[in-house]
Amino acid sequence: MSRSKGRKHTLKIVLVLLFLIAAGGCMAYTLRIDDGDIEIRGNKKYTKEEMAAYIFNTDLDRNPFVLYYKTRFGKQNKIPFVDEYDVEFKSLQKIRITVYEKKIIGYVRYKGVNMYFDKDGTIVESSTEEIENIPRITGLKFDYIVLDETLPVGDEKIFHLILDLTQALAKYEVGVDRIYISEKQEVILYMDQVVVELGKNTDMVEKIQSLADMLPNLSGLSGTLNMKEYDENGNGYTFKKH
């Protein structure tokens, strides 16, 4: 083979390779992860569609190569009430997203904004939105609130009290509108037209269990249920109608 024919042959090979690379690049660019190819786990606050909208800011983000690069080398999109999320590729176009939501036990209202805190009393999120099943805590005194810092209430035992209380309420499926905690750490629950005086943090779980048993009898009533102490003489807990 002459030198000129060899050069032409080499040029043809190079052109074919360039074409294949370009074609492969075009195919890779047009690949797209559709909603039906997405599995999302761990999301309670947001629907699947809402989570997808947060994670995929643009249509290009749905390209598997772009998504892989962003999840491995870029910063995750900031999502309110979510600590982080993991993206696992089941195949080139099928992914599983595991969501790790922030562990919130309650919120206080400060200057018209709801400040949500975790079991340690750290403010983890601020929002004008009220989240379902997260109780509002009132009665706490503070002069300031800073995001990502502990709620300045002075006594950290309050957060243990709130954690025990909210866990018991969730366990026995007792819904409350808000929780009031006095300076002496006495607890009052507000439930529709019923006020429940629980007193101090004594036998709190047992009290909540008893309250759950009494809920059917309290339905439609308006008044105050005194559960500070149990009357051993047969009167049990007393209810005073408003």
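This text follows the structure it describes.
Presented here is an overview of the structure given in this document. (Residues numbered from 1 in each chain as written. Predicted model: local features only at pLDDT ≥ 70, side-chain atom pairs only at ≥ 80, totals over all residues. Heavy atoms only, no water.)

1. Observations regarding the pairing of strand 11 (residues 223-231)
What counts here: A pair of strands is treated as paired once DSSP finds two or more bridges between them. The way it works is that DSSP assigns letters per residue, a run of H or I at least four long becomes a helix, a run of E at least two long becomes a strand, and they are numbered from the N terminus.
Relative to strand 11, strand 10 (residues 194-199) is paired through 4 bridges, and the arrangement is parallel. Within the sheet, the bridge partner assigned to Val 195 lies in strand 11 and is Thr 224. In this structure, strand 11 lies alongside strand 12 (residues 236-241), joined through 5 bridges in antiparallel fashion. Note that in strand 12 the partner of Asp 231 across the bridge is Gly 236.

2. Regarding unusual backbone geometry
The following threshold applies: The buried label applies to any residue whose accessible area, calculated with a 1.4 Å probe on protein chains only, is under 20% of its type's maximum; exposed applies above 50%, and partly exposed to all values in between.
A positive phi angle, near 70°, is found at Asn 133, a position not held by glycine. We note that Gln 185 has phi near 65°; this positive angle belongs to a residue other than glycine. You can see Gln 185 is positioned in the loop between strand 8 (178-181) and strand 9 (187-191). For Gln 185, a relative accessible area of 19% puts it in the buried group.

3. Topic: helix 5 (residues 204-218)
Under the convention used in this document: A residue's bend is simply the angle between two axes: one fitted to the seven residues ending at it, one to the seven starting at it. Residue contacts follow a heavy-atom distance rule, with two residues in contact if any of their heavy atoms lie within 4.5 Å.
Largest kink in helix 5: about 35°, centred on Ala 212, with the proline Pro 216 one to four residues after it. For helix 5, the full list of buried residues reads Met 204, Lys 207, Ile 208, Leu 211, Ala 212 and Leu 218. Those residues of helix 5 hidden inside the fold are in contact with helix 4 (157-171), strand 9, strand 10, strand 11 and strand 12. Just past helix 5, the residue Gly 220 takes up positive phi, approximately 85°.

Interpretation note: all reported values are geometric properties and have no functional meaning in isolation.
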